[in-house]
Every structure is written in structure tokens, then in C-alpha cells.
Amino acid sequence: MCGIYGYIQSKSQKKPLEQCLDGLKNLQYRGYDSAGVATICDGDLIAFKTVGKVDLLNSLIGSKKYELSMAIAHTRWATHGGLSTENAHPQIDYQNTLALVHNGIIENHIQLKQFLEKKDVTFLSQTDTEVVTNLISYFCNQMSIKEAALKAISMIEGSFAIVFIHKNSPDSIFAIARSCPLAIGICDHTSDVYISSDPSSFSSSSYHTTFIDSDEIAVISNSSLLIYDFNGKIKEKSGSHLVVKNKDITKDGFDHYMHKEIHDQSFLCREILQKRKHQDSFYFSELKKSEQKIKQTKHIDIIACGSSYNAGLIAKEFLERLTLFPISIHLASEYRYTFHLDKKDTTCIVISQSGETADTLAALRYKKETFLQTIALCNVESSTLTRECDLFIPLLVGKEISVCSTKAFTSQLLNLYLLGIHFSNVLGINHQKLISEINNIPFAIDDILSKENIIKEYAHKYSKYPFFLFTGRKDMYYTSIEAALKLKEISYIPAEAMPAGEMKHGPIALIDKNMATVAFIGNEEISSKTLSNLSEINARNGQILLFASEIPSHITKDVILINSNGSNTFAPIPYSIAGQLFSYHLAKNLDREIDFPRNLAKSVTVE
Ligand code: M6R
């Protein structure tokens, strides 16, 4: 996955190493296993690398003043090779002539390594990145740097973004990509050049921005930007104008970004409802031009991963009831490898917080041409997903920093509900009863937030359990899937979600006094059924914590009352937020690294 950054000074006085470190901090959502930076100083390659986060690089670099014109940098999420300095990027080649940073996966790295080993090329790391570093270096002995890079990428299988520097061209940065984002921004005011996996990580300013398309190579200096195609021919690219406002996002007095982001959800939902309000209903102006296509639609496909997928799962039945379209929901990581009946007239909604999830992008690209229209429901306007979909609906929740998604998930769910209402408006289907219910969502969120201390007490009580089962029925089961994911991510405690009615078909064998069950009962029409299933767990000494709208004292004393403000339909939002608070306080009690949990990255940019 990883984040790539590069900087070339032109008219400003900015220091390349400091500038790269600043930029990297904005990219740590792409991984934080290790960080590194490299440059060329007086003809020598210099690199600083560390296991862990970017801040650790400062002390390595120390106070020595380097006279530099450019630098490249990297923050890593390990794919090949463990967490060590040798495996950190930049990788240096066997001839000590070039330093390279990489995002993506070189699928045929084993064959390429064998090819190079036969030429007596030696390796120091376990990374696929070192293979491409040495491959380019090897060909540099026979041809120009640009030709060597093009020759190397003609041999590479996989998707990647690569940025490197070479001693023989000490003022240039070379950048190559295939199906991975890599943007080059030239600052309007200073002409300084920024290169990044994500242009929103550029310093606050305005830029002429160009994305490198597949199998192109850019040769960048402070006086020129030349982009060549796969055959080495110059390409004219128009690019676009980008304004970056990188405000420092603070925790506002909370201990963790996750906690702040949970609390932001009440006013964010109010703002989203306000923005979409139209006459006595809700409306997406972004979809104005697609009304004809909505009327033509016969199916909706939803594609997403992780929490974004869970938002789709929860909303599916609501959307089906409201639009009367059959809805299929797909895990993006499985999509390309599964058989799909070609359905005519399908609107595809792709959900992603980051808009950079490789599985999601690959799934979109796989069938994009067959869809009637594609809608990105995404938090990042400049993302690859929003650029590749026909239409874009923003989540409007601001930057989400915590790896564990909270406010973005809630906005995805709320926006899916609102999309259902928009679609039914266009189709002339009545839904008036829902309008007042959906307007009550922020009040239900306020109510949950006011119960935080009770949730915290239970979270402490339950933090001794080694295994959790989350359960519910219908949309409460899907809500429990999301709650289990939250707990796993930040507490590292195994948690499984199971429909309450399925327990007796096998999983009930797991129940004993050491197993904690967290149950969500937010759908009154089926609550008696869920309670019967919980009685079966109770009878086997399982410990039960209940999130419910009333107290069924015969099951358990551990009940957190949830007031969904009269709405069963939208109850998944307050119940999910209750689940977020529960996981947060449980993980905090266990002293976990909540905002940046081990092994994870905010944006998963490899398949
Ligand atoms: O950026 P995306 O929404 O596409 O990311 C998808 C998942 O990786 C993401 O939701 C992940 O599951 C979160 N860490 C969950 O909290």
C-alpha cells in the first residue's frame, strides 16, 4: 500500500527533506510500518530509514544542514518482507546509484529476481521493491535512465507507482505508474514540484496537477516536466487545477481522533440532512442529469470493502423496499473472481471512504463498461474512484484520520438511505412517513452520546473476555457485523458476527461462561425472536450484553438502552454508534493504539 512523496525546490526556500517529512505525515493513512527519505547530496546518495512512523525520521536526520534541491520519501505498509530497516523504502540498488520508493505489488518479482541473480546482482532485503530497483539499475548500465525504466516496466507484472532518483541525474526525479495513483503538482506561486500518491498531501497552495497514467514515465526537474508514453514518445497532457488547504486537524481535547470522530457524527449528520433537504423531501443535485438513467435502471449493484461494504449491507433492504429494484451487494475483493450474470440496465454504486481501495477500484474497472451508470459514494473528491465514476456523491464528513472508520461509515449509511429517498422521488414512489423518521437520526445520535459513561462502564466490564460474539437479526445482524469489525480492529480481540437465528445451527457450541455475546435488538417487529435466541445462550451460561430499546430482564442485567426516536428503520445508525463507543472504550481500557492499530492502514491500496 504505502505512500510516496517527492519534492523539487524551485523558487521557494523550502528544505526538501523537511518538505518530504511534512508530506509523508499526510500519507500515513496509507501505512505506517516504516518510513524513509532519500536524496542526492554532492553526488552521493543519502537515505534515512526507520521502522515505525514518520516522526522517528527527524531524529535520524538530525540537525545537519544539507544543501539539496530535491528528495523522495515513503511511508510503508508491508507486503513483502517484515518490518525492518532493510525492507523499508527507499531501496538502494546493488550499485549504489539509485534510490527508489514504491507503492503496489510486483507480481512476478520472484522470476525477475532469478533473472537478476543470474547476472550476479545481489539483494539485501525481502522486498519486491528491491527487485525493481535493481532491475532499473541493471538496465542503466546499457541505456539511458529513462529507457532503463521503460525496459524494466515492460518486464514487470502487477500494479505500482514508483518514484526514483539516480546519481547520474542529480536534479531529477523519475516517476512511473500502472493502475496506482501518482500525481505531480507544480505550485502556481513558487514553481516547486510536488509528487505524491495523493495530491491532497501537497502543501497548502494551488497547483497545476497531472496524474501519471498507466505505463507512462515522467522525468521531472525544477525547470521541466516531461511525460513519455510506453514507447518513449513525449505525451502532451493537459492536467487540472487543484487548490490544497491542509488545515491541521486537531483532536479537540479528545484523547484519540477516533473518539473525536465518533462525537462529530451528531452535527455531521445534521449538516448532511440540511444539505440534502429539498422542499419536503431530500435531493441530490449531483444526480440531476441522471434522472433518465434512474428511470431506466432495473438493478442496483453495490460494490465496496470493509465498513463501506457493511454500510451497503445494512442499507440493502431499505433501498430495495423503496426503489423496488433488486439490489446486489458485492465484496470488491471477491468481485473479479466471481461469476456474474450480465444484468442489463444496472446502476452501480461504489462506496469507499478513501476512493483509493485497490480491490474496489479493480472491481469497478472490471465491469464498468457494462453498467448504465456508476456513482461514487466517497469522502475524497480528488480520489481515483471519483475520477473514474460517472457521478460523485461526497460523504461531507471532512478528513477521517482514525484508521477505524466511524463518521465516514455513518455518512455512507445515511447517504444510502437518502439516495433511496432520492431514487423513489424520481420513480414517483411514496415515502412520506420516512421523512420525519430520518430527520430524527441526529437526536438518536445525541441520545447515544449522552449514554457514553454507561457504555464505557460495560466496555470495562467486558474487556476481560477473550472472545466476542455479536448478534442480531435482519439489519441488526448487519449492524453487528460492523460492530464486530470495529472491536477486532482496535482491541485485537477475536469477534464474530452471527445472525441470532443461526446460533442453534452450530455456533452455540462455542457458548460457555467465557464467551461474551453482544446483541443488538433495534427492530421491534422481530425482537421476540431475537430474545428467544438469546435465552438459549443464557441457558448455557453465556454472558450477554444487550443494546436494546427496552429491558428484557429475564435475559441479562447488562442492558444499554437505545432510543432510536421511534424509528426502527434507521436504528442501525444509533446502534452502530453505540458499538463504536463500546469498542473504543474497551480498546482504551486495554491500552491499545487506537487511531493507528497494528497491521492496518487507512487506505488499502494493494489487492
Ligand atoms: O476507503 P474504503 O472505504 O474503501 O476502505 C474500505 C475498508 O478498508 C475500510 O472500511 C476498513 O474496513 C476500515 N478500517 C474499517 O474501520
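Scroll up a little and you will see the structure.
Residue positions are given per chain, counted from 1 along the sequence in the order it is written. In keeping with the predicted nature of the model, local features appear solely for residues at pLDDT of at least 70, side-chain atom pairs appear and are counted solely at 80 or more, and the whole-chain, interface and lining totals rest on all residues. Computation of side-chain values covers all heavy atoms of the structure but excludes hydrogens and water.

Peer 1: What is the right way to read the packing of aromatic side chains from this model?
Peer 2: Any two aromatic rings considered together are summarised by their centre-to-centre distance and by the angle between their planes. The criterion for an aromatic pair is that two Phe, Tyr or Trp rings (for Trp, the six-membered ring) have centres within 6.5 Å, with stacked assigned to planes under 30 degrees apart, edge-to-face to planes over 60 apart and tilted to the rest. One pass over the full model with this rule turns up 25 aromatic pairs. Here the aromatic rings of Tyr-194 and Phe-202 are separated by 5.7 Å at their centres, their planes lie at 45 degrees, and the arrangement is tilted. Here's how the labels work: a residue is buried when its accessible area is under 20% of the maximum for its type, exposed when over 50%, partly exposed in between, all with a 1.4 Å probe on protein chains only. Residue Tyr-194 is classed as buried on the basis of its relative accessible area of 1%. Of the residues examined, Phe-202 reaches a relative accessible area of 0% and is grouped as buried. With a centroid separation of 4.9 Å and an interplanar angle of 55 degrees, the aromatic rings of Phe-202 and Tyr-207 are classed as tilted. Accessibility assignment for this pair places Phe-202 and Tyr-207 in one class, buried.

Peer 1: What's the story with helix α5 (residues 145-155) in this structure? I'm lost.
Peer 2: Note on helix geometry: an α-helix contains 3.6 residues per turn, so any two residues three or four positions apart are oriented the same way. Of the residues making up α5, those classed as buried are Ile-145, Lys-146, Ala-148, Ala-149, Leu-150, Ala-152 and Ile-153. Contact between two residues is taken to exist if any of their heavy atoms lie within 4.5 Å; hydrogens are not considered. A run of H or I in DSSP becomes a helix once it reaches four residues, and a run of E becomes a strand once it reaches two; helices and strands are each numbered from the N terminus. Tucked inside the fold, the buried residues of α5 contact α4 (128-140), β7 (158-166), β8 (173-178), β12 (216-220) and β13 (225-228).

Peer 1: Can you help me understand the sheet that holds strand β19 (residues 346-352) in this one?
Peer 2: Consider a sheet: its strands pair through backbone hydrogen bonds, and that pairing is either parallel or antiparallel. Taken in spatial order, the five strands make up an open sheet running β18-β17-β19-β20-β21, and their pairing is parallel. Strands with a single pairing partner mark the edges of an open sheet, and in this sheet they are β18 (327-331) and β21 (391-394). Looking at each pair of strands side by side, their axes are set apart by 20 degrees on average, direction ignored. Think of it this way: DSSP has to see at least two bridges between two strands before they count as a pair. Pairing between strand β20 (residues 373-378) and β21: four bridges, direction parallel. Residue Ile-375 lies in a different strand from β21, and its bridge partner there is Leu-391. Each of β17 (299-304), β18 and β19 touches helix α9 (residues 306-323); the most contacted strand, β18, lies at about 175 degrees to it. Fitting a line to C-alpha atoms yields each axis, with helices limited to the stretch in contact; the angle taken between N-to-C directions then spans 0 to 180 degrees.

Peer 1: What is the right way to read the pairing of strand β1 (residues 3-8) from this model?
Peer 2: Each regular strand displays side chains that alternate between the two surfaces of the sheet. Most of β1 is tucked away: six of the six residues are buried. With burial as the criterion, each face of β1 is covered, one bearing Gly-3, Tyr-5 and Tyr-7 and the other bearing Ile-4, Gly-6 and Ile-8. One ladder, built from six bridges, connects β1 with strand β4 (residues 70-76); its direction is antiparallel. Bridged to Ile-4 within β4 is His-74.

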